[in-house]
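Secondary and tertiary structure notes
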Amino acid sequence: AFFPRHGALVMGSLYFGGILVAVASGLVLKRTVFRGNSVPFVMELPVYRLPSPKTGVLHLWDKVKDFVGREFPIICIGSLVIWLLTNLDWTFTVVTDGSASILASLGSLIAPVFALNGFASWQSVAALVSGFTAKEAVISTLSVVLPGGLAAYFTPLSALSFLTFTLLYTPCVAAVAATRREIGSLKWTVVAVVFQTGIAWLVSALVFQLGRLAGF
């Protein structure tokens, strides 16, 4: 959507950039929050065998049932909240202009936070908020709230910065719910979300500011 002629190059850069950020974050956390001697961990692995079709179907059914039962209700609620914020104003009247919606007014308050990132607009914030329900919703939201098209609001550098933030900030609500279940602590789940979003903001700002210094 942003780089129709260089999509493969940008996607590859984001992919390997995400790996580098993950490794760097792990090393920083190991030397700060989780410093100390590591606890020995031994896990016995079963013998690997080619699964039977019946086993594959049962495993698939178990995963689908778990997703539908646990994450799907959260996704539905999150999607409904985003839809209401996008289509209603503060008097709960349906709006025809997205700039008059609750999401637009809230996004305008948050937008200055992204001044150093190159995309300080309520439309960008609205897209990022909708991405919390599913990252795939970011571009579809932009297509709705940006009637002039992406090129009218993004330069190549600000688009790269925006994509970097979208890559690194907190995953969708289903992933957060799964994280909460695995960690077993609401506190550490919130810490993880804040940490990821903070890293995303920092790396995105570095991409934009270094790009400006380089003359892009």
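Residues numbered from 1 in each chain as written. Predicted model: local features only at pLDDT ≥ 70, side-chain atom pairs only at ≥ 80, totals over all residues. Heavy atoms only, no water.

1. Concerning the overall build of the protein chain
As a reminder of what qualifies: What counts as a helix is a DSSP run of H or I of at least four residues, what counts as a strand is a run of E of at least two, and both are numbered from the N terminus. When checking whether two residues touch, look at their non-hydrogen atoms; a contact exists if any pair is within 4.5 Å. A 1.4 Å probe and the Shrake-Rupley method give the accessible areas. Residues count as covered only by the protein chains that appear here. Residues scored as positive are Lys and Arg, those scored as negative are Asp and Glu, and His as well as the terminal groups of each chain are ignored. For this purpose, a charge sits on NZ of Lys, CZ of Arg, CG of Asp or CD of Glu.
For the protein chain, the count of helices and strands is eight helices and zero strands. Counting from the amino terminus, the protein chain carries its helices and strands in the arrangement α-α-α-α-α-α-α-α. If one aligns the C-alpha atoms of the protein chain with their principal axes, the spans along those axes are about 60 × 45 × 40 Å. When contacts within the protein chain are restricted to residue pairs at least 6 apart in sequence, long-range pairs at least 24 apart make up 64% of them. Summed over its atoms, the accessible surface of the protein chain is roughly 14500 Å², and 71% of this surface lies on carbon and sulfur atoms. When the 14 positive and 8 negative side-chain charges of the protein chain are each reduced to one mean point, those points stand 11 Å apart.

2. Some remarks on the nonpolar core
Worth spelling out the cut-off: As used in this record, nonpolar core signifies buried Ala, Val, Leu, Ile, Met, Phe, Trp, Tyr and Cys residues forming a set joined through side-chain atoms within 4.5 Å. In this scheme, a residue with accessible area under 20% of its type's maximum is buried, one over 50% is exposed, and one in between is partly exposed, where area comes from a 1.4 Å probe on protein chains only.
Among the nonpolar cores identified, the biggest contains 28 residues, and Phe-2, Phe-119, Leu-128, Leu-142, Phe-154, Phe-162 and Phe-165 are the most heavily contacted of them. Taken together, the elements giving at least two residues each to this core come down to helix H1 (7-31), helix H3 (102-110), helix H4 (122-130), helix H5 (137-145) and helix H6 (156-168). The contact partners of Phe-119, leaving out residues within four places of it in the chain, are Phe-114, Ser-124, Leu-128, Phe-154, Ser-158, Ser-161, Phe-162, Phe-165 and Ser-204.

3. Here we look at the environment of Ala-104
On the secondary structure map, Ala-104 appears in helix H3. When its relative accessible area of 1% is taken as the criterion, Ala-104 is described as buried. On a C-alpha basis, the gap between Ala-104 and Gly-69 in space is 32 Å, while along the polypeptide they are 35 residues apart.

4. With respect to the packing of aromatic side chains
For the record, the criterion: A pair of aromatic rings is counted whenever rings of Phe, Tyr or Trp (Trp by its six-membered ring) have centres within 6.5 Å, and the orientation is called stacked for planes under 30 degrees apart, edge-to-face for over 60 and tilted otherwise.
Under the counting rule described, the total for this entry stands at nine aromatic pairs. Clustering of aromatic rings is evident, with ring pairs tying together Phe-2, Phe-114, Phe-119, Phe-154, Phe-162, Phe-165 and Tyr-169.

5. Some points on H5
Here is the rule: In this description, one arc is meant: the one made by directions from the helix axis to the C-beta atoms.
Residues of H5 that are buried include every one of Ala-137, Val-138, Thr-141, Leu-142 and Val-145, and no others. Within H5, the buried residues cover an arc of 135 degrees as seen down the axis, which keeps them to one side. Packing partners of the buried residues in H5 comprise H4 and H6.

6. Quick word on a nonpolar patch on the surface
The condition is simple: What goes into a patch is any residue over 30% in relative accessible area without a salt bridge, connected to like charges within 9 Å or, for nonpolar side chains (Val, Leu, Ile, Met, Phe, Trp, Tyr), within 5 Å. We define a salt bridge as a contact between a side-chain nitrogen of Lys or Arg and a carboxyl oxygen of Asp or Glu at a distance within 4 Å.
On the surface, Tyr-15, Phe-16, Ile-19, Val-23 and Leu-27 cluster together to form a nonpolar patch covering roughly 530 Å² of accessible area. Here Tyr-15 shows up in helix H1.

7. What about the side chain of Ser-25?
When you line up the elements, Ser-25 lands in helix H1. Residues within four places of Ser-25 in sequence aside, it is in contact with Phe-195 and Ile-199.

8. Focus on helix H7 (residues 173-183)
Among the residues of H7, Val-173, Ala-174, Val-176 and Ala-177 are the ones counted as buried. Seen end-on, H7 carries its buried residues on one side only, within an arc spanning 165 degrees. Looking one or two residues past H7, Gly-184 carries a phi angle of roughly 80 degrees, positive in sign.

9. Some details on the packing of H4 against H5
We apply this condition: The convention used is that axes are lines fitted to C-alpha atoms, helices contributing only their stretch in contact, and that angles between N-to-C directions extend from 0 to 180 degrees. Here a crossing is taken to be left-handed if its near helix is turned anticlockwise relative to the far helix by less than a right angle, and right-handed if that turn runs clockwise.
The contact between H4 and H5 brings their axes to 8 Å, and the two run at 145 degrees. Like other packed secondary-structure pairs, H4 and H5 cross with a definite hand, here right-handed. Within the contact between the two elements, H4 uses Trp-122, Gln-123, Ser-124, Ala-126, Ala-127 and Ser-130 and H5 uses Ala-137, Val-138, Thr-141, Leu-142 and Val-145.

So, to be careful, I would describe these as geometric facts and stop short of saying anything about function.
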